[in-house]
Structure formats: C-alpha cells, structure tokens
Amino acid sequence: MKTTSVSGKVFNVFNALFLILLAFLCLFPLVNVLAVSLSSSTAASSGEVSLWPVDFTWQSYHFVLQKPEFVKALGVSVERVLLGTALNMLLTITLAYPLSKESFAFRGRLFYVWFFVLTMLVGGGIVPWYLVIQKLHLLGTMGALILPGAVNVFNAVLLLNFYRGLPKELEEAAFVDGAGHWKILWKVYVPLSMPAIATLILFSMVGHWNSWFDGLILMNSPDKYPLQSYLQTVVINRDLSLVSMADAEALADISDRTLKGAQIFLAALPIICVYPFLQRFFIKGVIVGSVKE
C-alpha cells in the first residue's frame, strides 16, 4: 500500500483549508443577505447584522410576497425558464446530432459547423438585434425573451462532443434493427447523454433566470418584466414609478436594506433549490462533453 509523504499530507491539509475558505467566501454574501432580510429595520440600518439575524422578523418577506408586481414578475421568469429551457434543449439536441457525424456521413457538416461557429465570434450589435426583433413583431411578448437565444452554439458543441464519444456500434446495431436517425437520436443517444443534457439544462435555466437586460429593452411595459429586470428597476435603479402610494407608506416601517435582501434572496432561491438535483451530473457532463479522445 502506497503511503503519502509528509509533503503530500501538508499539501492536502492546506488544500482542504483553502477550499473551506473559498467556500466560506462564496457563501458569506448569500448568508449575510438572508440574515439582513430576516432582521429588524433598526438592526439592519445600524449595521449590526453579519451572519445571524438580529431581532428576527418576517416583515420584509410578508411585504414582498404581497406585492402583485413581484409575484407577476416571478411568474414571467418561471414561464421564461420553462419555455426557454425546453426550446433550448430541443434545438441543441437536434443540432448536435447531425454535427456529430463524420463528413462522409453528412456532406454539408463542415459548412454548418463554420456557420454556427461564426455566430460565436461575430455579432451584429444591439441595434440590429433590436430591429430584427421589432420587425418580427415580437416586442412585448415572451418570444422576444426566448427566441433570440434559442440556439446556444456553445452548448451544442459540448453535446456533439459527448455524442462523438458514444460507441458507434450502438448506432450500427440500431440501423440493423431498422431504426432511423430520429429514433436513434431519441432512443439511443439522448438516454445515454443524460449527464451532459442535465448539465446543459442547468446552464440554460441559470441563463434565462439571471437575464435582465433583454427584459428591460424588449418588454414595452413594466408589468411584463421578468423578475431580474424588475429587481434591476426597483433594487438597483430605484424606479419610484413602480412603487404605489400604499407601498411607499409601508416602506416607512421597513428598512430599505431588509427589503432589498428579501427580494434578492427570493430571486436566487429557485436556482439554489434546483442546483443540488443536477449537481451530480455537472462534473461528468462538462468533462466528457468538452474533451474528445
């Protein structure tokens, strides 16, 4: 049995301490936001809160969850994530399959590969992007949020490399049994690629959930904003036009810091809840999909 040297043991200890410190630095802001959101307005305003709530109260959460604007923005974000992720994965899966073939099996492969790769390197800019969406009459609709980014070329590259790592004998056996490309894709490739697909689902969900700029530009009314765009106007830019008189009176008894903390934590909570279920696929999916032997 191979024994670990003294230098190896010292490295393992320092490595563990470094990772613990790194984890603490990553978790501290989120824990602090949660503690502030659960503290009284006096404690939050005076800077007494660090990692534990002071004068525990649910007042900020009660105020936020009663706001119809926040609830509606949350609903828009949930709709966007569900529709956008489903469309992303459908197009990514069907795009990666033909591009994973050899050139002799798909003669137009090289042209399409360069066509899609160029979209990663060259962009038209914000003005042409906006004008195209406007001419398609998508402004103010859910399509404006999900259709422009429906094809994620980076995700397709990861998935096609995963496909190319699968045994070719499985596809050949399916052809012998009379299966076509469509059936092979959904009955053979997709079930075997679930680690990579689960990873890409996580990427897509986080991307849609955290996106805020397109909501501000493409939604022609604040009541159509997704959650992150709504938070940008209320928490960061402090757009008082979105605050009613009743809310203004209630805000007199609630600290601005606790209110911001409650909204930020509620916005991050769905992804925090989803991530542990997909995390076990994450490492395998990224490594196998990004490296081709």
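Look up a bit, the structure's there.
Here is a short report on the structure shown in this document. (Residues numbered from 1 in each chain as written. Predicted model: local features only at pLDDT ≥ 70, side-chain atom pairs only at ≥ 80, totals over all residues. Heavy atoms only, no water.)

Re the layout of surface pockets
1) Next: By volume, the largest pocket is sized at about 810 Å³.
2) Next: The wall of the largest pocket is formed by 31 residues, among which Trp129, Leu147, Pro148, Gly149 and Val151 lie closest to the centre.
3) Next: Of the residues in the lining of the largest pocket, the class split is 17 nonpolar, 12 polar and 2 charged. (1 Å grid on protein atoms, 1.4 Å probe; cavity = no way out; pocket = protein on both sides within 12 Å on 5 of 7 lines; lining within 4 Å. Points joined across faces, edges and corners; volume = space filled by probe spheres on them. Nonpolar A, V, L, I, M, F, W, Y, C, P; charged D, E, K, R; others polar.)

Observations concerning the pattern of salt bridges
1) Next: As enumerated under the stated definition, the model contains 4 salt bridges in all.
2) Next: Between lysine 72 and aspartate 223 there is a salt bridge, with its nearest N and O atoms 4.0 Å apart. Of the two residues, lysine 72 is situated in helix H4 (residues 68-99) and aspartate 223 in the loop between helix H12 (213-218) and helix H13 (227-236); the sequence distance between them amounts to 151 residues.
3) Next: Judged by relative accessible area, which is 39%, aspartate 223 ranks as partly exposed.
4) Next: Residue arginine 80 pairs with aspartate 214 through a salt bridge whose shortest N-O separation is 2.6 Å. Taken together, the positions of arginine 80 in helix H4 and aspartate 214 in helix H12 put the pair 134 residues apart, joining distant regions of the chain. Per residue, the accessibility class of arginine 80 equals that of aspartate 214, and both read buried. (Salt bridge = Lys/Arg side-chain N within 4 Å of Asp/Glu carboxyl O. Helix = DSSP H or I, 4+ residues; strand = E, 2+ residues; numbered from the N terminus. Buried < 20%, exposed > 50% of the residue type's maximum accessible area, 1.4 Å probe, protein only.)

Structural notes on the side chain of threonine 258
1) Next: The residue threonine 258 is located in helix H15 (residues 256-290) in this model.
2) Next: With relative accessibility at 1%, the residue threonine 258 sits in the buried group.
3) Next: Excluding residues that lie within four positions of it along the chain, threonine 258 makes contacts with Val36, Ser37, Ser39, Ser40, Ser41, Ala44 and Ser60. (Contact = heavy atoms within 4.5 Å.)

Keep in mind these values describe shape, not function.
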